[in-house]
Amino acid sequence: MNKEDLYEQHTPEAGQSAARSRYGPDLLPCFCICGFFGGGTTPLTSVSQQLDDESGAVLQTFEVSTPEAFRNAVHTINTGASGSYEIKLTNDITLNGNLTLSKNTTTILGENHTLSSTQDTVLHAAGTAVLNLGAGNYSETLTFEGGTSHNQGSLLTIDGNATLNMYDHVTLQNNHSVRTSGGVQVGNHSTFNMYGGTIRKCSSDSKYGLHGAGIGCSGGTVNITGGSICENSILFGGAIVLYNGSLNITGGSICKNAGESGGGIHLANSQNVSIQNCTITDNGAGSGGGILLIGSQNVSIQNCTITDNHARNGGGILLTGNSNVSIRNCTITDNNAETGGGIALMSDSSVDLSGTGNVICNNIASGSALSSACDIYLGSTNNKLKLFDAASMNRTYRDSGKKIDGWYVDKPLYVPSEDAEAVDVSSELTGGTGGLSLVASYRISQEPEIPDGGDAGGGDAGGAGSVLGSVVAGTAIGVGGYLVGTDFWLNTLYGFVPTNRIQLAEALWNRADCPAPQSNALYSDIAEDDSDAQQAARWCVEQNLMKDCTRTEQDGTETVIFKPYGYVFRPQAIGAWYQLDSLLKERT
């Protein structure tokens, strides 16, 4: 909206109320006050005043270009009559220390400008204040930029009975907090509504469970209907940390975040949480790469995509501390953990996956073959699981081309075989005394052919097929022989055992003496500043040693990605080595 539209002067037609809102069609004539305002020493650029005949509330719009003008506007709002106010930036502004809004409704419009702070919190909403960042039908950007000072706090803090509303085209970014959440801290009885926008590259050194890299909430309410929370990091917690509060997500994406516990979402001692229509992908943590639940009950997860997350335990989701969750119509695939690649349950927790619509398969357990659990892990007798028929997913097992037909015990590492027995899931399962490890896979009457590189490769294995067949035929030599044989072979070729796609790509690229790829295009799921990984992945795809992957976005479009942490079968890694060997010989 331009200035002419904002300050258009006209008289309401008969029967119309005056100045319903800043964004309504009916505006009273505006007048401009220039000079000093509210006892301050710095002039505001302009102040327009409108009177709502129905409520008697005063609406003032402040155009500000300096820190002093912004402070004067906040002072006037805190001491002024009850009503709605607006602050419009006409320049980038850097504040020194935080400002508190204690009452009234304030809308900040960025006009493509940035509001930042050299120390402490940028803005604090308290009492009965309502703070709007942007607006539903406003398209200009507003950016909150943080800092890294020794006294840096959250970009925004709300407590008391305050409400913060964040809309599209608003970005909170680049803030490092030393004692609280990086982006937004939501206190007791306060509410944060995220309708859109982005919280990105915020971080925190906090070691307390009340703070999150992007959003931390203790005793308050967080509602998210859209936007993205990405590339945030914290020592303890995750992108969103909820302690004894309320969380309702109905849209948006949570991606590429990192934390020690719950890379995407960390729920602690919270009840009646609902997570719907959300994409949670490429997050990392020590425990619970996508979602971590600690002592949280009646949690519902529906229509979500939880993929490509990684952790030591519970790559997709980890439950502990008597937590319980119901999961419906969700896709949980390609997550990676040492134990429980998809979902891990510990200490009296339970999961209800009954019914149809869920897809939980092709997750990775990269730890010991004796404690794997690619898809689901139940750690004790007190863990309970209601599970659906795996065949109903209508999915194939990894790159085997074989349709998944059941749930199989994945401890030790499950290798499809002729005499394998599927787990009966018609009744509730428990972990038992030694735990229960499950993988969605298939039973075969004969060993499938070794793929020619499969997802990792895509070409001839350089004459290694017959030898590979003798090594990996699990029905002939068993799990122990398979692991020992391929371990020895891979260590002979690579010097280690590649377990994910980026490890394989970099090993192949290094063997070829690090050639530059033809394309400079970057993969969105590999860090932009990781030049070696970007080049290795692109070169291997160009040489047909590996293949691109795709990710389906919420709008139905497909994005080309690499899936750097996607699992690599041992035969694939061996085949790719010999394919590269043939390629290098052709070029010499």
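Data block above holds the structure.
Residues numbered from 1 in each chain as written. Predicted model: local features only at pLDDT ≥ 70, side-chain atom pairs only at ≥ 80, totals over all residues. Heavy atoms only, no water.

**Quick look at the packing of helix α5 (residues 501-511) against helix α7 (residues 570-586)**
Remark: α5 packs on α7, axes separated minimally by 11 Å, with the N-to-C direction vectors making an angle of 25 degrees. Accordingly, the angle class assigned to the pair α5 and α7 is roughly parallel. The handedness of the crossing between α5 and α7 is right-handed. Contact with α5, carried on its side by L504, L508 and R511, involves A573, A576, W577, L580, D581 and L584 of α7 and no other residues of that element. Along the lines of polarity and charge, the residues of the contact of α5 with α7 split into seven nonpolar, no polar and two charged. (Axes fitted to C-alpha atoms, helices over the stretch in contact; angles between N-to-C directions. Helix = DSSP H or I, 4+ residues; strand = E, 2+ residues; numbered from the N terminus. Parallel < 35°, antiparallel > 145°, perpendicular 65-115°, else oblique. Left-handed = near helix turned anticlockwise from the far one by under 90°. Contact = heavy atoms within 4.5 Å. Nonpolar A, V, L, I, M, F, W, Y, C, P; charged D, E, K, R; others polar.)

**Describing the state of the cysteines**
One pass over the structure, following the stated rule, counts one disulfide. Two residues share a disulfide in this structure: C230 and C255, whose sulfurs sit 2.3 Å from each other. Taking the torsion about the sulfur-sulfur bond, which here is approximately 90 degrees, the covalent link between C230 and C255 counts as right-handed. Remark: C255 occurs in strand β25 (residues 253-255) and C230 occurs in strand β21 (residues 228-230); sequence separation between them is 25 residues. According to the relative accessible area criterion, C230 is buried, its value standing at 10%. Of the residues examined, C255 reaches a relative accessible area of 15% and is grouped as buried. The thiol of C278 is not disulfide-bonded; the next cysteine sulfur, from C304, is found 5.3 Å away. (Disulfide = S-S within 2.5 Å. Buried < 20%, exposed > 50% of the residue type's maximum accessible area, 1.4 Å probe, protein only.)

**Side note on the sheet that holds strand β26 (residues 258-261)**
The strand order across the open sheet built from eight strands is β14-β18-β22-β26-β30-β34-β38-β42, with neighbouring strands paired in parallel fashion. In this open sheet, the two strands that pair with only one neighbour each are β14 (176-177) and β42 (364-365). Pairing between strand β34 (residues 310-313) and strand β38 (residues 336-339): three bridges, direction parallel. When the sheet's bridge partners are listed, A311 is paired in β38 with A337. (Pairing = 2+ DSSP bridges.)

**Observations concerning the sheet that holds strand β41 (residues 359-361)**
Strands sit in the order β4-β7-β10-β13-β17-β21-β25-β29-β33-β37-β41 across an open sheet of eleven strands; the sheet is parallel. The outermost strands of the open sheet, each flanked by one partner alone, are β4 (93-95) and β41. For this sheet, the mean inter-axis angle between neighbouring strands, taken without regard to orientation, is 10 degrees. In this structure, β25 lies alongside strand β29 (residues 279-281), joined through three bridges in parallel fashion. Each residue of the ladder has a partner; that of I254, found in β29, is I280. Helix-sheet contacts for helix α2 (residues 67-79) involve β4 and β7 (113-117), and the interaxial angle to β4 is about 70 degrees.

**Let's talk about the pairing of strand β23 (residues 240-243)**
Looking along a regular strand, one sees the side chains alternate between the two faces of the sheet. Where strand β19 (residues 215-218) meets β23, four bridges bridge the pair, whose relative direction is parallel. Counted as the bridge partner of C217 is L242 from β23.

**Focus: the pattern of salt bridges**
In total, this model carries seven salt bridges according to the counting rule given. Its salt-bridge partner being K563, residue D334 comes within 2.9 Å of it at the nearest N-O pair. Pair noted here: D334 is in the loop between β37 (331-333) and β38 and K563 is in the loop between β49 (558-561) and α7, with a separation of 229 residues, a long-range link. Overall, the relative accessible area of 22% leaves D334 in the partly exposed class. Salt-bridge contacts for D581 lead to R511; the nearest nitrogen and oxygen are separated by 2.8 Å. Highlighted residues: D581 in helix α7 and R511 in helix α5, separated in sequence by 70 residues. Owing to a relative accessible area of 28%, R511 belongs among the partly exposed residues under this scheme. When salt bridges with common partners are traced through the structure, they connect E63, K88 and E111 into a single cluster. (Salt bridge = Lys/Arg side-chain N within 4 Å of Asp/Glu carboxyl O.)

**Here we look at the pairing of strand β16 (residues 191-194)**
Burial along β16 is two-sided: the residues T191 and N193 and F192 and M194 are all buried. Pairing of strand β12 (residues 163-166) with β16, which is carried by four bridges, proceeds in the parallel orientation. Bridge pairing in β16 places M166 opposite M194. Pairing geometry for β16 and strand β20 (residues 221-224), over four bridges, is parallel. Bridge assignment links M194 to a residue of β20, and that residue is I224.

**Structural notes on α5**
Those residues of α5 lying buried are R501, I502, L504, A505, A507, L508 and W509. On its buried side, α5 packs onto α6 (531-542), β48 (549-552) and α7. Two to three positions downstream of the cap, the backbone nitrogen of I502 sits 3.3 Å from a side-chain oxygen, assigning the N-cap of α5 to N500. Once α5 ends, the next one or two residues include D513, with phi positive near 70 degrees. (Polar contact = N/O pair within 3.5 Å; in protein donor to acceptor, adjacent residues only side chain to side chain.)

**Let's talk about the packing of aromatic side chains**
Evaluated as defined, the whole model comprises eight aromatic pairs. Geometrically, the ring pair formed by Y408 and Y414 is stacked, given 4.8 Å between the ring centres and 20 degrees between the ring planes. An aromatic cluster is built from Y494, F496 and W577, whose rings are joined through pairwise contacts. Taking NZ or CZ as reference, R511 lies 4.0 Å from the ring centre of W577, over its face. (Phe/Tyr/Trp six-rings, centres within 6.5 Å; stacked < 30°, edge-to-face > 60°. Lys NZ or Arg CZ within 6 Å of the ring centre and 35° of its normal.)

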